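Read off the chains here:
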Amino acid sequence: MATPITASALVSALEQEDLRVEQVRDWREHNRNHKGDWGPVHGVMLHHTVTEGAERTVELCYEGRAGLPGPLCHVVITKDGRVHLVGHGRANHAGRGDGDVLRAVIAERDLPSPGAQDTDGNAHFYGLECENLGDGSDPWPKVQLEAVERTAAALCRHHGWGAASVIGHKEWTDLKSDPRGFSPAGMRERIAARLG
C-alpha cells in the first residue's frame, strides 16, 4: 500500500527525469477528493485524450467536460514532450474497472483480461493523459513517448514499483480502447529498461 506522492515530491521526481514540467494554475489543490478516497495508490494508468492541440488538451484535462468535472488526470503529456501538472488528488480518469486487474497490478504479475466493473480506479491510480486523437493514425512523436516513459518511471521509482505497475486504460476495463497507437506492454518494456 502506497501513500500518494506529495505535490512537491512529484515535481522533484519529474525534474530528476529531465522532463519539461509545467505547473498549471492551482494544480496542487485541484482534485475531486470530496467525492471519495485517493489512495492507497498502486499504479499508473495511461490514456489518450481524443484531442489535438496542447493548449486545448491541457485546458480540457484541467476543467473537465459536461458530466465529467476535472481534473481528468494528474499529468497531461503533450506531443512536444512537455509534462503539464493539472491535478493532485482524486481525478476523474480511471472510473470503475476490474478488481482482479488491480490485484494483479499490486502483485506485479501478468494482467487478466478485464471484465468486471467492481472497483474504483480513481482511488488507486495516477492518471497520465497523452495528447492524441486515439484513432490509430495520429502519430506519437518520439519525444512524447519518451516523456510518457520517463513520467511513469519517475512515479514507479518514487514508490519502489516495477514497470508492471503501469497499465493502459483498456487493460483496466473492456469499455475503453486507450491508449491506441502504442502498446502498453511495449511501454512497460521501455519503463523496465529505464528503471534498470
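Residues numbered from 1 in each chain as written. Predicted model: local features only at pLDDT ≥ 70, side-chain atom pairs only at ≥ 80, totals over all residues. Heavy atoms only, no water.

Novice: Give a detailed account of unusual backbone geometry, specifying residues and quantitative values.
Specialist: Of the consecutive residues Gly70 and Pro71, the connecting peptide bond is found in the cis state with omega at 0°. Relative to the helices and strands, Pro71 is located in the loop between strand S4 (68-69) and strand S5 (75-77). The amide bond that connects Asp178 to the next residue, Pro179, takes the cis arrangement and shows omega of 0°. Tracing the sequence through the fold places Pro179 in the loop between helix H5 (169-172) and helix H6 (184-195). Although it is not a glycine, Asp18 sits at a positive phi angle of roughly 60°. For Asp18, the location among the structural elements is in the loop between helix H1 (7-16) and strand S1 (20-23). Residue Asp18 is classed as exposed on the basis of its relative accessible area, which comes to 64%. (Helix = DSSP H or I, 4+ residues; strand = E, 2+ residues; numbered from the N terminus. Buried < 20%, exposed > 50% of the residue type's maximum accessible area, 1.4 Å probe, protein only.)

Novice: So, the sheet that holds strand S6 (residues 82-85): which residues are in play, and what are the values?
Specialist: Pairing is mixed in the open sheet, where 6 strands are placed in the order S1-S6-S5-S9-S2-S10. Strands at the two margins of the open sheet, each flanked by one partner only, are S1 and strand S10 (166-168). Pairs of neighbouring strands in the sheet enclose a mean axial angle of 25°, with direction left out of account. Sheet topology note: the strand S2 (residues 43-48)/S10 ladder contains 3 bridges and is parallel. Each bridged residue has a counterpart across the sheet, and for Leu46 the counterpart in S10 is Gly168. Against the sheet, helix H2 (residues 54-63) touches S5, S6 and strand S9 (125-130), its axis set at about 165° to S5. Strands S2, S5, S6, S9 and S10 of the sheet are contacted by helix H4 (residues 142-159), whose axis makes an angle of about 170° with S9. (Pairing = 2+ DSSP bridges. Axes fitted to C-alpha atoms, helices over the stretch in contact; angles between N-to-C directions. Contact = heavy atoms within 4.5 Å.)

Novice: I'd like a rundown of H2, residues and numbers included.
Specialist: Within H2, burial applies to Thr57, Val58, Cys61 and Tyr62. Across the axial projection of H2, the buried residues extend over an arc of 130°, all falling on one side. Exposed residues lying more than 90 degrees from the buried face of H2 are Glu55 and Arg56. Of the surrounding secondary structure, the elements contacted by the buried residues of H2 are strand S3 (64-65), S5, S6 and S9. Positive phi appears at Gly64, one or two residues downstream of H2, with a value of about 85°. (Arc of directions from axis to C-beta.)

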